[in-house]
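Spelled out, the chains give:
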Amino acid sequence: MSDLTALALDAAHQVSVAELHGAICGFAACGWEEFPLQELVDLIGVDLLTDEASVSRLVDASIEALFSEDLRFVPLLPDDDEPLAARLEALGQWCAAFLAGLGAGIAAGDIGELVDLSEDAQEILEDFAAIADIDPESGSESDQASLVEQAEADFVELKEFLKVGTLLISSLVIYGADDQSG
């Protein structure tokens, strides 16, 4: 278990690590000088979080990883030894929470709108929305085996896409869509 995962487990109950981390990263992608902790609490729900100090430690560690020069950021998802269905569900939860955090962060920060982002950024966000709709239990039983096999093969690529997409969205929101060609 990573240190960041341990911080996430300490900061929340009744909300998944993936959801909490995704929401934090969505807010952080807005480039706040001071992270809007109360807005995060409002988005997640105070009943689902443990205490402010634990949440603050997770937020600080998540932001440090997201903006590190060594690109060590990775979305917090279950380990590879977890069942594929659980990993896919967490992948969808992370994306949905990231989008919610990003939308809430942009609205609260009065830093423009998602539609102001470049065409590339909007495409990434559309892909995140499609990933958020992943249903690991969909398909008939005969289709399920091939779906699982294909999903297992693509899972690592999806995780890498989330990483790169999140880093790109962060830079586009912080540095402005006007500075990017679309």
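See the structure shown above.
Fair warning: this is a prediction, and the values are worked out from it, not measured in the lab.

Engineer: Can you help me understand a negative patch on the surface in this one?
Structural biologist: A contiguous patch of negative charge, built from E119, D120, E123, E126 and D127, is present on the exposed surface. Mapped onto the secondary structure, D120 falls in helix α6 (residues 119-132). The exposure class assigned to D120 is partly exposed, which follows from its relative accessible area of 41%.

Engineer: Would you mind showing me how to read the nonpolar core here?
Structural biologist: Side chains of nonpolar character tend, in soluble globular proteins, to be buried together. Of all hydrophobic cores here, the largest spans 49 residues; its most connected members are L20, L40, W94, F98, L102 and I169. Among the elements of the structure, α1 (3-11), α2 (17-28), α3 (37-44), α4 (52-66), α5 (84-109), α6 and α7 (141-175) are those that each provide at least two residues to this core. At ten residues, α5 tops the list of elements feeding residues into this core. Excluding residues within four positions of it along the chain, F98 makes contact with G22, A23, C25, G26, A29, L125, F128, T166 and I169.

Engineer: I would appreciate a short explanation of the layout of surface pockets in the present structure.
Structural biologist: Where empty space is left in the structure can be found by rolling a water-sized probe over the atoms. Put simply, the largest pocket is a space of about 420 Å³. Of all the secondary structure elements, the ones that give two or more residues to the lining of the largest pocket are α1, α2, α5 and α7. Here the element with the most residues in the lining of the largest pocket is α5; it accounts for four residues. Partitioning the lining of the largest pocket into residue classes produces eleven nonpolar, four polar and six charged.

Calculation criteria
Residues numbered from 1 in each chain as written. Predicted model: local features only at pLDDT ≥ 70, side-chain atom pairs only at ≥ 80, totals over all residues. Heavy atoms only, no water. Patch = residues over 30% accessible without salt bridge, like charges linked within 9 Å, V, L, I, M, F, W, Y side chains within 5 Å. Areas by Shrake-Rupley, 256 points an atom, 1.4 Å probe, with all protein chains shown as cover. Salt bridge = Lys/Arg side-chain N within 4 Å of Asp/Glu carboxyl O. Lys, Arg positive; Asp, Glu negative; His and termini not counted. Charge placed at Lys NZ, Arg CZ, Asp CG, Glu CD. Helix = DSSP H or I, 4+ residues; strand = E, 2+ residues; numbered from the N terminus. Buried < 20%, exposed > 50% of the residue type's maximum accessible area, 1.4 Å probe, protein only. Core = buried A, V, L, I, M, F, W, Y, C linked by side-chain atoms within 4.5 Å. Contact = heavy atoms within 4.5 Å. 1 Å grid on protein atoms, 1.4 Å probe; cavity = no way out; pocket = protein on both sides within 12 Å on 5 of 7 lines; lining within 4 Å. Points joined across faces, edges and corners; volume = space filled by probe spheres on them. Nonpolar A, V, L, I, M, F, W, Y, C, P; charged D, E, K, R; others polar.

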